[in-house]
Each structure stands twice: as structure tokens, then as C-alpha cells.
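# Chain and residue survey
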Amino acid sequence: MTAGLLLAAQQPAAAGPNLVKNPGFETPGSGDMPFCWAKSGWGDNDFTFTTTTDAHTGSAAMRVELTRRVDGDRKALITESTACAPHVVPERQYDLSFWYKSTTPNTALTLFRRDTTAGWQYWTDLRTLPMEGDWTRSEVRTPAIPPDTDQITWGVSVFGTGSVTTDDYAMEEVAPPPPDPVCTATAEECAKGRWEVLPTRNPVRSVHSVVLHNGKVLLIAGSGNDPAMFQAGTFTTAVYDPVAGTYQDIPTPADMFCAGHVQLSDGRVLVMSGNKGYPSADGSIGYQGLKDSYVFDPETETYTRTNDMNGGHWYPSATILGNGDVISFGGLKEDSTGNVTAEKFSAAENRWLPLHQVNQTWSFWGLYPSMILMQDGRLFYSGSHVFGNGTPGTGASIYDYDANTITDVPGLRNKDQRDESASVLLPPAQDQRVLTIGGGNNETNPAANRTTDIIDLKQPDPRYTAGPPLPQGLVDQGQGKRPQTGDEGKMYVSAVLLPDGKVLETGGGLHDRADPVYEASFFDPVTDTYEPGLAADPIPRTYHSSAFLLPDGRVMAVGDNPGNGTYNHNVSIYTPPYLLKGPRPRITSVADGEWQYGDTQRITVDRPIARAELIRPAAVTHSSDPNQRFVDLPMSVVDDTTIDLNVTSNPNLAPPGWYMLFGVDAAGIPSVAEWVHLGAPSAAARAAQHAPSAHVHDFAGDLGTPPKKNGRKRDSAPVSPKIAGCDRNYGTAGVCVPLAFPAPVKATTKSRCDWLAAHGYGRLKVNGKRDPLRLDPDRDGRTCGKGDLRR
């Protein structure tokens, strides 16, 4: 379905006055540009701006042409002045339209906005324009105007050789939305949402959670941090059906405990590495990673083995790229050392590539490093990770795979207390902003922090800046719940993108694998503020817990595996306030479920909507899901129930695969999601990944520090067997006695034993003769007995 066919006869969706001055270029200016129009652009290119008589109406039109391009773009923009740029009202939307014809597909409608404090700045690209030989009308609706914005300007960017001629611009304010509907639940529920604990318990120790494109949920345990299950060779997976409320056991061929996983472009789930062996009883050997790799098929609900990775990667990253390939870093090798090799899974060949075909920096990225795909194909390491601190550098960096360079990014606070923090690409993905939340240090075990940091990767030299402190809730340290105080925050937090554009943060604990925090809040990326005081999950959710969005707009939460080795099988469902405000809009039809980059796709709805977006389904473990993203779909409104959605042409913004399509009304109420599949055949996707783009090469293009020098080729990085933060002199491998007890636990047998008792550890076997924590002074081989406490 082409944009030209859809939009040529389209009529304006609003009937207000035209806010564009000199919309047809008929009034000359003082220079060589028409009144209220200015030349704009950047980069290395040859260009011309011509006021031509080849007009749609009247006697003038504007032609912008590039005859040579290395990078950058050129565009005619409404002049950035008080007199010329249209004035706007925050939270309102506007319909923009113009007539055009072009000889290049490399054009986009580009918007800038004036922030009342920061001045003029790039806002967004709303849609790409297909080539048109005859005059064609294009219309698109802006997102809601951001706060502190009083003017916008816009025009058509040309970022490939060829020309675009435009005429008869219009900008009309959309009628204000109706008042919010009346709450259909209690006042408290409509403000805070509500949690429900399901009567049926999760049958597996689901360390990993993946939402499948059929709406079911893949729950992977492997051995589930249970050494007895590992010794018995009993590995488990279940598929949960949220509609039927049932679980299906799935034969599991290997110990996928602490593997990596990512959804491939065809909807299958790639599961890589896992657990080859638990730590030894004396603590001299740590966890060992598998080379094994499998693909889970949602249609047959079976695992199929792929070729092996080049080495073991217990706790690996997994990021899908714009061409459908998957790149993976970090984790522990078969011998418990740190894996320093990058691994690449080829979508075209359906296999892991040999090492010599993958660019290498020989860097150890740690365990579950959060590697987020940027819009130009580079990777942003946010600083979130699991286990291990004290890595060199600033704690965050940009990795350019093609150039094979790593460049540090400044500003991340407390970089060595971001263990088990969460990082999320904020809505919409087009804004390229990342939020990093909380964290701690599993080695020194301080109270988790409230620190949040935000980075805008659109900036030429991006750097983290301080975000608002994480809201506080109630914490249970074994003596009942009490309010958090001071700088107490949480680690193991879950961050879930919601269809209304906010981020739900929920779950977490005050210390490593202990002391659950009962608190939930919304983060609003429009205002960069938290909405505290939401209903809290009644079930503790710390280590090995997950929360994720379901297609019906609710949030599901599973798991909790505290240091005493137990596991909570209760499942919680959160109903956000937006589902309690009245009837939901409904997507009544999707013209085509197979979407390509740069498409215009038509949907129908049962009543007006204010926005539409794609949300990539979750594949989350250990607070980490670097592929989670919310992609805005600018709308061209044909009428109240017929909407044309403008799909990004950049596969790095929305990597190929299955997405949940939501329509959201002006009150923030989302539809139930429809599933759509985005992505061209692999060859076309690869071509699109490297196609020119209006702004992408300017973002993060002037980094303030030079790239690091890559290290020499090596086999591995040294990693302490204690990297998991557990003293293996006590109990089994599934039990974690902390290396450092939280304050104010004193360094005495009684104080430590009291803490262990309050946290449900019971008496533990002492492994060998060493007793570094003095938990067995009477040397009977068991901790915290009466004889130990008397001594």
C-alpha cells in the first residue's frame, strides 16, 4: 500500500486556520528565500535552493536539490523567529500538510521546536516520503506538543541525491480532546492501579520471561538456580497462556539457567549459553558457561539446536541489530573466566559466525551488560550490568561495530554501584534517550541507591545527566515492613514500557538478594518526573524476578529467588489506571499485518485515537531487556475512524520482528494490541540499515573523548569466583550467604546469625574447614547453632 495512493485525495482532518505564513512561497523575502522561509541543513553535500514557477498553485514553489552527498541533509524550513514560526500549545496536536513531487526516496518531514528555556532544537522526523512524479498531497499529525514548547518549525529534508519540490503548506490545530472519562473503579484504583495475585502458581522457577507473538509467555528456568535439579539433569520451561490461564510444560534440552535470549525477526526466540556447572563447594571455581545455543519456535513450542557459540557465555548480552543479526558480549566461559569475544548470529545464515568473521576489541563487558541499539547502528552500553564492579572507564560507552571502536561516555553517577540496575530506551525510540535506574554493589553490599540518570543520544557529545530520585516505598528486612529513609533505593528493579508512553518501575530489593521493597511508580519521559505512590505488588520481587507488558495492556510479574535459595511461584498481574477509565478504543482492522520500512499502513478504529505505536515484546531477565522499545507511528488522519500510520524507514529504530500495535486515545486509554510483523527480507533489511537518513549521522557524532585503544588478542579476562557476591564456604551453590553483610549488621557471630535467621537461611553446612564469617565457632560443621552463639 503506497502513501501516494492513500494521501493524494486525503482531506484535512481539522478545519482551523492555517498557521503557516506564506504557505505557497508567493511573497518574496529580503534575500534569496521567500518571506518566512530559510535555508537549513548540515553535512558534506552540494545543494541548491530554487524558488521555481513549477508550482502546485499560484506562481511559486520551493525546490531543494542535492547533486552530491557524503552526509547530512538540506531543507527549506519555516524561519525560526517569533514572527514566522507557528505558535503552539503544549499537549495539543497539529495536522501538517503540503503538496510535493520528488526524484529521490531520501526525503523526510522534519520538525524542530522552541523550548522556552533551551531555545530551538531538533524534535523529530514524522515520515519519509515516497518518490512522486506528479503533485501529491501529504499530511501527518504531530505528537502532543511537549511541555515548555511555544513554537515549532518544519520542512522537508533531502538526504540523498535528487530533488523535492514543495508547495501549499498548511498547519491546523486539532480540536481539543474531550474530557477524561469517568472512573469505573474505586478512586484509589483509578489513581494507583491494582494488583491481583493469580490463583494458579507458576510451575517453573522462571528466571527468563519472553512474550511471544501469539500472546503467550515463554518462561525458562533450566535448573532454576537449584543444584539438585542440575545434578538430576532436570531442566524446565513452561509456556503460559494469559487468556486460558494455563501452563504447558516444554521439554528443555540443556540448563538454560542464566542464558541470554532475544527474539529473532521471524518471531522465534534465540536462547544462547546457560549453565555448564555450578560453583564448587570450596568456592575455588565459579559458574561455568555453556557454548550451547537453541531456537525456540512458538508455533511448535519446541527447541531446536543451532551451531555452538565460539565459547561459553554465562550471563551474556543479546541485542538484535537492524539487519536481524544478533550480537552478544560478556558472560563467563566454561572455566569461569570472563569471555572477551564478541559473538554474532547471522540471520541470513541462521548460525553463529566463526570468530574470525566477527569484529573483536577483546574487551570484557561484564555480565548481562546492557547493550542498546542506537539509531545509527552503534551500540550504547548504558552501565547497567549484573555482578562485578570496578571496571575501568566512565561506566558507559558507545561501541561502533563497523569501526570497531569503544568511546567512553561521561556522567553516569556511582558507576560502581549500578549492579542490578535497569536501563530502558525511553518512549519514543525516536528520541534516543536512555534512563538508568538504581542499583547497588553485590560485593560491598551497601543499601541500593535511588540514583537515576538520563542520557540524550541525539546530542553531538552525549553525557548522562542526573534524573529525579527513585520514589521510596516500604522495605521488609525481616522484622516487618517499614518506610524507606534517606538515600535507600532498590536493585533488581523492573522497568516496563507502557502503551500510554510512561514507564512502570516495580519490584526490587534494598540489598543483594534480600530485603524486598514494596513500591511502584510511573516515570513520565515527557516531563522527566516520577508519579509515586502506585499500588505495589504484594509479592516480593527481588533476584530472578521479571515484570513485562502483556498484549492486553496489563503487566505480569513473576519470580523471586532470595539468597536463602527459596523461590516464589506466585504470579501477579497489574492493571494500570488507564484500564480503569472507561471503554477502550478498539482497532477494528489492520489492512496488512506484514509491514515494511517506510510504509504507510492503514488501520481502522472504532473511535478517534491520539497516538499509535509499536512496542517490542519483552525478553527479560535480571532487570535487563536491552531490546525493549516503543516506536512512535506518526498518524495521517483520514477521518475519525480511518488512520494511516507512517512506519519508520530506519530498521535501527525498530529492528525487524513482531511488534504489539497499540492505538491510544486522548485520555491515554490503549486498545488491546494487534500483532504486526515488521521487516523486509534480510537482504533488503541490510540495505535499509545502511541507507542514508536525515539526521542519524549527526547524533552522537562529536564525542568529547577519543576512542579507547583496543586490547591485544587474549583468551579471557580474570574473574573472581566470588563475582556473584556469595561466600561459598556455606550451604549449597543455590544459597548465597553474602560476602559483606548489610549495615548495621555487626561483624559478630550473633549479629550475622540473627540476620541469616531473619532472612530464612536456617542452619547451613560449612564446606571444608574455613569459616571466614565466624558462623561456626564450635566447629560442628553447621552454622549458627546454640554452641556457636554461646561462643
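As the structure is a computational prediction, the values presented were derived from the model and not from experiment.

Conventions used here
Numbering of residues starts from 1 in each chain and follows the order in which that chain's sequence is written. Confidence filtering applies because this is a predicted model: local features only for residues at pLDDT of at least 70, side-chain atom pairs given and counted only at 80 or more, and all residues used for totals across whole chains, interfaces and linings. Only hydrogens and water are set aside; all other atoms, that is, all heavy atoms of the structure, feed into the side-chain values. Secondary structure is summarised from DSSP: a helix means a run of H or I of at least four residues, a strand means a run of E of at least two, and numbering begins at the N terminus for each. Computation of the radius of gyration draws on C-alpha atoms alone. For the globule rule, the value is 2.2 Å times the number of residues to the power 0.38. Whether two residues are in contact is decided by their heavy atoms, any of which lying within 4.5 Å being enough. Note on areas: Shrake-Rupley, 1.4 Å probe, and residue coverage restricted to the protein chains presented here. Charged-residue counts in this description rest on Lys and Arg as positive and Asp and Glu as negative, His and the chain ends being excluded. The atom standing in for a charge is NZ when the residue is Lys, CZ when it is Arg, CG when it is Asp and CD when it is Glu. By salt bridge we mean one thing: a side-chain nitrogen of Lys or Arg within 4 Å of a carboxyl oxygen of Asp or Glu. Throughout, exposure labels follow a simple rule: accessible area from a 1.4 Å probe, protein chains only, divided by the maximum for the residue type, with under 20% read as buried, over 50% as exposed, and the rest as partly exposed. Side-chain rings of Phe, Tyr and Trp (the six-membered ring for Trp) are treated as a pair once their centres are within 6.5 Å; stacked means planes under 30 degrees apart, edge-to-face means over 60, and tilted covers the remaining angles. Placement of a positive charge over a ring is assigned whenever Lys NZ or Arg CZ falls within 6 Å of the ring centre and within 35 degrees of the normal to the ring plane.

## A look at the overall build of the protein chain
- The secondary structure content of the protein chain amounts to six helices and 54 strands.
- Its C-alpha atoms give the protein chain a radius of gyration of 27 Å, within 12% of the compact-globule value 28 Å for 791 residues.
- Across its three principal axes, the protein chain shows a C-alpha extent of roughly 100 × 60 × 50 Å.
- Taking the intrachain contacts of the protein chain between residues at least 6 apart in sequence as the baseline, contacts between residues at least 24 apart amount to 64%.
- With an accessible surface of roughly 27,900 Å², the protein chain has 51% of that area assigned to carbon and sulfur atoms.
- For the protein chain, the centre of its 70 positive side-chain charges and the centre of its 90 negative side-chain charges are spaced 8 Å apart.

## A few points about the pattern of salt bridges
- Inspection of every chain in the model, using the stated rule, returns 39 salt bridges.
- A salt bridge links R141 to D95; its shortest N-O distance comes to 2.8 Å. Pair noted here: R141 is in strand β8 (residues 136-141) and D95 is in strand β5 (residues 94-102), with a separation of 46 residues, a long-range link.
- By relative accessible area, R141 is classed as buried at 9%.
- Under the relative-accessibility criterion, D95 is labelled buried at 1%.
- Among the ionic pairs, D308 bridges to R305, the shortest N-O distance being 2.8 Å.
- Several salt bridges share partner residues, and in doing so they unite D44, D46 and R68 into one network.

## Structural notes on the packing of aromatic side chains
- Per the stated rule, a full pass over the model turns up 36 aromatic pairs.
- Where F329 meets Y399, the ring centres are 5.7 Å apart and the plane angle is 90°; that geometry is what we call edge-to-face. Here Y399 lies in strand β28 (residues 397-400) and F329 lies in the loop between β23 (326-328) and β24 (343-346), a separation of 70 residues in the sequence.
- A relative accessible area of 3% places F329 in the buried class.
- With a centroid separation of 6.0 Å and an interplanar angle of 40°, the aromatic rings of W755 and Y761 are classed as tilted.
- Residue W755 is classed as buried on the basis of its relative accessible area, which comes to 9%.
- Members of the aromatic cluster, connected to one another through ring pairs, are F230, F235, F257, Y278, Y287, W314, Y315, Y368, F387, Y492 and Y543.
- Above the plane of the ring of Y518 lies K481, whose end atom (NZ or CZ) is 4.0 Å from the centre.

## Notes on unusual backbone geometry
- That bond from P427 to P428 is cis: its omega, -15°, falls within 30 degrees of zero.
- By secondary structure assignment, the location of P428 is in the loop between β30 (422-425) and β31 (433-437).
- Here A743 and P744 are connected by a cis peptide whose omega angle stands at 5°.
- Positive phi values are uncommon outside glycine, yet W362 reaches one of about 60°.
- Structurally, W362 can be placed in the loop between β25 (351-352) and β26 (371-373).
- Note on W362: relative accessible area 14%, which makes it buried.
- Even without a glycine there, the phi angle at N414 is positive, about 50°.
- You can see N414 is positioned in the loop between β29 (405-408) and β30.

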